[in-house]
Each structure stands twice: as structure tokens, then as C-alpha cells.
Amino acid sequence: MLDELKDLVDKKVFTVAETKQIMKQRSIHEATLVRRVAKKSDFLRYASYEMGLEHLRRKRVERLKIPKTPVTVSDFALVRRQFHIFERALKRFKSDVGLWIEYIQLAKKEGARSLVGRITARALQLHPNVPSLYILAASHELAHLSPSTARTLLQRGIRLNSSNVEMWTEYLKMELGFIESLRRRWDVLGITREGTDQFTDVDMDEGTTTAGTVKARDAELERLDQEGDEGTAARKQIFDGVIVKAVMDSAVQALPQIELFESFNRLITIYPSSPTLRGSLIEHFDALLRSTLPQHPRAIEILYTRLLTVENLRGRALVEGVRRANEMLISIMSDTQEESVCQVYAQFALGWCQQDSRINLDENLKLYVLSSLQALIHRQKSSSPSLLCAHIKLVTEAAQRGTIEPAKALDTAKRYTSRVPESASVWIARLTAMKTLDENIDAVWREARRSVSPKDEHFAHVWTWGISEDMVHDERLRVYEVLLNESVGDSSLQEHLLLGYVAALMVSRSTPISGDDSDQVANKSAKALNLQKLRHMQGRFLNTGKVWQKMFHLEAEENGSAIVLEEIYELWRTANVVEATIAWAEWLLKNGKGKEASVLIVRSKGSVGQKEQEEMETQWVRIMG
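Residues numbered from 1 in each chain as written. Predicted model: local features only at pLDDT ≥ 70, side-chain atom pairs only at ≥ 80, totals over all residues. Heavy atoms only, no water.

Here we take up helix α1 (residues 3-10). Among all positions of α1, only E4, L5, D7 and L8 are buried. The buried side chains of α1 occupy one side of the element, clustering within an arc of 160° when seen end-on. For α1, the exposed residues set more than 90 degrees away from the buried face come down to D3 and D10. Those residues of α1 hidden inside the fold are in contact with α2 (16-33), α3 (40-64) and α4 (77-92). Backbone geometry just downstream of α1 places K12 in the positive-phi region, at approximately 65°. (Buried < 20%, exposed > 50% of the residue type's maximum accessible area, 1.4 Å probe, protein only. Helix = DSSP H or I, 4+ residues; strand = E, 2+ residues; numbered from the N terminus. Arc of directions from axis to C-beta. Contact = heavy atoms within 4.5 Å.)

Structural data, given as C-alpha cells:
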């Protein structure tokens, strides 16, 4: 018996029978590791077993209340074995970064400080381009009060990974932490800075003053006095954030991307720094952002939301914040008419003035933003769909509240669709406004379908805008058929409409309620009728594989009959024989017709090329498991 197990038996932590079981399990795990092709999972499973064993040992020692004795081999042997397993694993899987990280985390958990340092050094030597390793190593050094070593590690990582946002963010976080730790240290020692930038002793509460605190405070004051005026000036700059600002400057110079700014912004705003330091850093950050990405939409959003912080969302401060943000955005808009920038202003206006906005603005403040938006559109003669849509939505809501006349809102929407007749989003905004204000939309919807550009990303949405779920099924089918007749010549649009038409057909069929034969007959008749309609549509329109695929899956989900599914399959296979065959064979297999499915696969493979045969065989093997 091993010494460690014998020691555990002597301490009555484990029984002899349990130690034999431990040896048996270890032998099983060792056997898996010595085979020709060992797997990473084998090592992790072995290490997990040893971790569980160590956890059990500690629990039993605690429960049995075994008195503390000088350290023996059983106190550290199980942990040492875990380390040994990871060392063996890393000899085989040196390139596995995840394995290195698990080893580091295990060593940190067990309090092996020096081992963590050695592991991270080896890992970084093999993987110098993995930022997470530098961050782990630096956090370990910071946890053990070694900021200079952590700074060196992060700087080395940045030199090799200068384009990594996370590295720069962690470096900035470390420098912020250094300043904050120094400030809190002086707060504890009772040292403060006067207006003359001289460090002096301040009175402390008697209850919090101890001999150790007084001694440490005196030593700190003596050290500060010895450094003289030059050291005082340097410390003042540190407290003012000069190091953090230098880090931001270097980061922006190396990586002038919005992702870096967003990461820095999140860190600076939430990190527990003093208000003075945070204000200074935010001011410097905003200046960098304006000079580096002056017209980037996400950069503009960061700048204007800064003026609308949570503290300013009440009373006069709210009014002033909205005014300043509005003026800043209009100033930026005067230099550019990029659609992405216009979208930012549109989101600002909608976010603060719509009925479901997070802050219920005063009506006069809403009218201020609305009039600013209207003046901007008029002054620039803007054709930006984002601005025009936002204005239509806001005047519609104003008409609902009674602030302006509905006719004026509708006239505004009409003028804007005349200005940009090819824009789908502006037409959708106009149609929504008319529907909201109870106007007839049929003629305008037809005009929108004729006018909108097929290249617009919302082109198909305009065509299906008037179809809603609350329509009667027959009416919905009729509208789809009208749209399909109008869309002849546009195969992409027809496919989109046909997919909706198929879904409407399947929903509209009757379903058995009582389970009587009459219900089932009616349901089968409905299925046959729907299939007849689709076959009729196939003669008039170009039905693609996606259309038949959707109908097949919808029918299968509704426990459709084999006759109907087979007919759909025959139609589907003319467009895509592989997908159709696999879907039909899978349905047959699930419904106890495995022999028919196999025959189908064999027969279909004989009618396709080599590539399709291989694809069909691969998918069928996957289905068969």
C-alpha cells in the first residue's frame, strides 16, 4: 500500500476497503493513459477523480474533527498527484491552451503560488500570442501584491498582441487599480493632500487609531518628506491620472477602433474611482474619441449618452441634458449626411419622445425635439430614410395625443414618400401612420408595391405589410394570390410570398376536434384540397425547393398522411433530390417503415451523380446513428 493511503488509514479517514477501491480506480485510469493514442479527456477524467478524492478527504477530516498534527504525506499527496497528472497531460498536449488554463486555475485554487508562476511562465513561452495567459499571470501577481511584475507582464503581452482589446482594457484596469489602492492606503493612514499639494497628517477617530496604523502613517509621511518637491509633483500627476491617460493614448494609437473605445468607456464609467479622477479621465477619453472617430455612429452614441446619465434624468437637469445632446447631434449632422449618422439622431429622437420610451418627457420637451428634427430635415433637404421615418412616427404619435392635426401628420408622410419613393422603410412608416389614424390603406399599399426598389432590404416586407394574423383565412389566401399575380417576373419575391402562402394554407385547414370519423374525413379532404391548390399554383408560379420543403415539414409536424407527404416529396425532389429524399426517408424510418426508407435511398442514389450520392450517404448514416 502506498504511504499516502496507509497514512489515511492510520488517521481513520479512509478504510482499508476504500483504499483498495482507490487503487483499483487509479489502475483503470492509468491504463487509459498508457495506450497508444491517449485522449485529453482521459487525463481530465483522472484529474477530476483525484480532485473528488481530495474534496472527500477534507470533508471527512472536518466531520471527524481530527486534531491538527504536523504535516504528513496524506495532507498533500492527493493534490500533488493532481499536479502530476496535469504535467503528464501537458507533455502530450502542449498546444492546448485550455489545458494550461485549467492547470493554472487548479494551482491557484490550491494556493500553490510559486507553482502558478512557473506554469504561467512555461505557458507564455509556448503561447506568446494568447492574451488570456498574460491576463491570468498578471492577475495572480496583483493578488499577491506585486503590481510592478503584473505591469511588466501586461506590457510584454501588449507588445506581442497590440491589436487585442482585452489586453489593453486589462492594462488600463490595472493602472486604475494602482491609483485607487494608493488613495485608499492613504485614507486608512489618515494622510491627505492640501490645496498646496503638500501631504500632511490629519486627525483620525480614536476608535480607529492603532499603534500599527500610527507607525505606518509616520513612516509614510517620513518617506514623502524625503522625496521632496519633485516627488510631490510626480504623485500629484499620478493621482490626476496621467499614467491612465498615457495608456489610453498608446492604446488608441495602436488600435483606433470603436471596440476599444467601447471597452474603455465601460471600464472608466463603472470602476470605483474618485469623482475627480473619473471626471478627468472621461474628459480625456471624450477628446480622444472626437479626434479619432468623429463621425462613427457608435462613437457619437457614446458622446451624447454621456450627457444623459442617470443622475441627470430629473427636472431641470433632464431638460438641460436633452438640450445639450440635441445640439451636439445637430452640430455633427451639419458636417455630414451619412445615413449611419442620421440613424443615431433618429434613434435619439425616437428613444426620448415615443410613448414607450423609458422617460416620460414633458409635452413641451417632446415638441422641442420634434421641431428640431423637422428643422434639420427642412434645412438639409434630407432624404435620409431614418430621419424621415422618425419624423413620421413622432408626428403620428403627436396626432394621437391631439398635439397636431391628423391631416398634417398624413400630409407629412405623403410628402416624404414622394421625396424618396424607392425607400421601403418610409413607405412602411406612412402605411403604419395611416393604419394608426384609421385611414384606408389599400390604394397607398398598391402604390408602395409599385414604387419601392427591389434592392431595398425591406422590399419583401412592403409586399406582405398588409397581411396580418387576425385576417380571416380565406381573405389571407386571397390577398396572397393577388400578390403572387402582381409579382410575376421576380423569382425571389415570389418564393418569399409562396412560403407565406404555404403557411397560410396549412393553418387554414380544418382540424379534428371531437375525434369523430367525420372530422377526420374533413381533415383529409382539406389536406387534399390544399395540395391541389399548390399543384395548381405550381402551374402558374415558380415553386422552388424551399416552398415544397416548408410544406413537407408543416405537414409532417401535423401528423400528415403518408399519401399527401409522398405527393409533396415527388414535387420537392424535382428541385432538390437529396434533401427531399433524406426528409422522406427519415419520416418513413420514424414511422416504422425502415425497409421502405432503405429502398428509397438505394433507388434515389441510382438517379444522381457521384457527389450527390456521397452527400446522401453521409446524411443517411447520420440519421441512422
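Right, let's talk about unusual backbone geometry for a bit. Within the chain, K65 stands out as a residue other than glycine whose phi angle is a positive 55°. Structurally, the position occupied by K65 is in the loop between α3 and α4. Here K65 falls in the exposed class, since its relative accessible area comes to 71%. With a phi close to 60°, L145 is a non-glycine residue in the positive phi region.

Counting residues in hydrophobic clusters, the biggest one holds 170 residues, and the most contacted among them are W168, M248, L289, Y345, F348, L387 and F552. Sort the elements by how many residues they give to this core and helix α16 (residues 339-353) lands first, with ten residues. Once residues lying within four places of it in the same chain are set aside, the contact partners of F348 are Y304, L308, V322, A325, N326, L329 and V369. Among the nonpolar cores identified, the runner-up in size contains seven residues, and L8, V13, F14 and L53 belong to it. (Core = buried A, V, L, I, M, F, W, Y, C linked by side-chain atoms within 4.5 Å.)

With that out of the way, let us pick up empty space enclosed by the protein. To locate leftover empty space, one rolls a probe as large as a water molecule over the atoms. Scanning all chains against the criterion turns up one cavity of 30 Å³ or more. Looking at the largest cavity, its volume works out to about 50 Å³. Looking at the largest cavity, the residues that line it are C353, K366, L367, L370, L394, E397, A398 and R401. Elements that contribute at least two residues to the lining of the largest cavity include exactly α17 (363-380) and α18 (385-401). Ranked by the residues each element gives to the lining of the largest cavity, the list is headed by α18, at four residues. Across the lining of the largest cavity, the residue classes break down as five nonpolar, no polar and three charged. (1 Å grid on protein atoms, 1.4 Å probe; cavity = no way out; pocket = protein on both sides within 12 Å on 5 of 7 lines; lining within 4 Å. Points joined across faces, edges and corners; volume = space filled by probe spheres on them. Nonpolar A, V, L, I, M, F, W, Y, C, P; charged D, E, K, R; others polar.)

Further remarks concern the packing of aromatic side chains. All chains considered together, the criterion is met by twelve aromatic pairs. Relative to F348, the ring of Y304 has its centre 5.4 Å away and its plane inclined at 80°; by these criteria the two rings are edge-to-face. Taken together, the residues Y304 in helix α14 (residues 297-306) and F348 in helix α16 connect sequence positions 44 residues apart. Y304 gets classed as buried once you look at its relative accessible area, which sits at 7%. (Phe/Tyr/Trp six-rings, centres within 6.5 Å; stacked < 30°, edge-to-face > 60°.)

Before going further, it helps to spend a moment on the packing of α2 against α3. Relative orientation of the contacting elements α2 and α3 amounts to 160°, with a least axis distance of 9 Å. If you check the angle between α2 and α3, you find them roughly antiparallel. In the crossing of α2 with α3, the sense of the turn from one axis to the other is left-handed. In contact with E18, Q21, I22, Q25, R26, H29, E30, T32 and L33 of α2, α3 contributes D42, F43, R45, Y46, Y49, E50, L53 and R60. (Axes fitted to C-alpha atoms, helices over the stretch in contact; angles between N-to-C directions. Parallel < 35°, antiparallel > 145°, perpendicular 65-115°, else oblique. Left-handed = near helix turned anticlockwise from the far one by under 90°.)

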